[in-house]
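Here are the chains, one letter per residue:
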Amino acid sequence: MLRLVNTTGKRARNLILIGFMGTGKTTVGMRVAKSLGWRFVDTDRLIVRKAGKPIPRIFEESGEESFRDLETEVLRKCAEGAGQVISTGGGIVTRERNREILKEAGYVIWLKASPETIYERVKNNRNRPLLKTGDPQQTIREMLEARHDLYDAACDLRIRTDDLTMEETCYGVTESARLAFAEK
Ligand code: S3P
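So, how was this worked out
- Along every chain, residues carry numbers that run from 1 in the direction the sequence is written.
- Under the rules for a predicted model, residues below a pLDDT of 70 receive no local features and side-chain atom pairs below 80 are neither given nor counted, while totals for whole chains, interfaces and linings still include all residues.
- Values reported for side chains reflect all heavy atoms of the structure, with hydrogen atoms and water molecules removed beforehand.
- Going along the chain from the N terminus, every DSSP run of H or I of four or more residues is numbered as a helix, and every run of E of two or more is numbered as a strand.
- The span expected for a helix works out to 1.5 Å for each residue beyond the first.
- By definition in these notes, contact holds between two residues if any of their heavy atoms fall within 4.5 Å.
- Partly exposed describes any residue whose relative accessible area lies between the buried limit of under 20% and the exposed limit of over 50%, with all areas from a 1.4 Å probe on protein chains only and scaled to the type maximum.
- Pairing between two strands requires that DSSP report at least two bridges joining them.
- The axes used here are C-alpha line fits, helices contributing only the stretch in contact, and every angle between their N-to-C directions lies in the interval 0 to 180 degrees.

Student: What exactly am I supposed to notice about helix 1 (residues 25-36) here?
Tutor: Two residues of an α-helix separated by three or four positions point the same way, owing to the 3.6 residues in each turn. In this model, helix 1 (12 residues) spans 16 Å end to end at C-alpha, consistent with the 16 Å of a helix rising 1.5 Å per residue. Elements that come into contact with the buried residues of helix 1 comprise strand 1 (14-18), strand 2 (39-42), strand 3 (84-87), strand 4 (106-112) and helix 8 (166-180). Just past helix 1, the residue Gly37 takes up positive phi, approximately 75°.

Student: Even after reading the chapter, I still don't get the pairing of strand 3, so can you show me in this structure?
Tutor: Every regular strand shows the same layout, with side chains that alternate between the two sheet faces. In strand 3, alternate side chains face the same way, and those of Gln84 and Ile86 on one face and Val85 and Ser87 on the other are all buried. Pairing geometry for strand 1 and strand 3, over four bridges, is parallel. Bridging across to strand 3, Asn14 finds its partner in Gln84. Across four bridges, strand 2 lies against strand 3 in parallel orientation. In the sheet register, Asp42 faces strand 3, and the bridge partner there is Ser87.

Student: Help me understand the sheet that holds strand 3, please; the structure alone is not making it clear to me.
Tutor: The strands that make up a sheet are held in pairs by hydrogen bonds between backbone atoms, and each pair lies either parallel or antiparallel. Across the sheet, five strands lie side by side as 2-3-1-4-5; this open sheet has parallel pairing. Every other strand in the sheet has two partners, leaving strand 2 and strand 5 (157-160) as the edge strands with one partner each. Adjacent strand axes in the sheet meet at a mean angle of 20° when their direction is disregarded. Most of the contacts of helix 8 go to strand 4, to which it runs at about 155°, and overall it touches strand 1, strand 4 and strand 5.

Interpretation note: all reported values are geometric properties and have no functional meaning in isolation.
This is the structure:
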């Protein structure tokens, strides 16, 4: 198990994955947590559990703002813990408060991918209400563009995943965590 001390001498708290929909945050987070012997948490799953309904229904019945409120609440709760790999929803960086919580909560890795890669990964999935538009490819391009600087500001490390297999991404994230949380 990885010791919870980082190179700044501060007690390391959590490893956090951010990035656009379809960049593999959940799959990678689960596998990395297993390798590190840390607990895995996923903000989307916690929101679904809290709301008692799937994400598309939260959006349909209560709207995006209400989803974002739940997201902030769940993130704040996760941030109180330590020794966790936390996978987040792709829009978590859109609120300034969330970006502050992320910074406080631990070491943040941004899983990056091009709009083309993202489209290939999400095109058959119906669980993402924000991509149910007439032209999902264009929507992805616009949302990525709008969020780029927010992801950039919120992260400590960027990993471009386009040409990586899931195993390679997991390896990159795990080894980066080992360095970030290594004892002096
Ligand atoms: C969202 C991303 C989704 C989910 C919700 C909103 C977004 O999470 O939180 O549909 O705004 O990008 P994933 O990134 O896990 O798909």
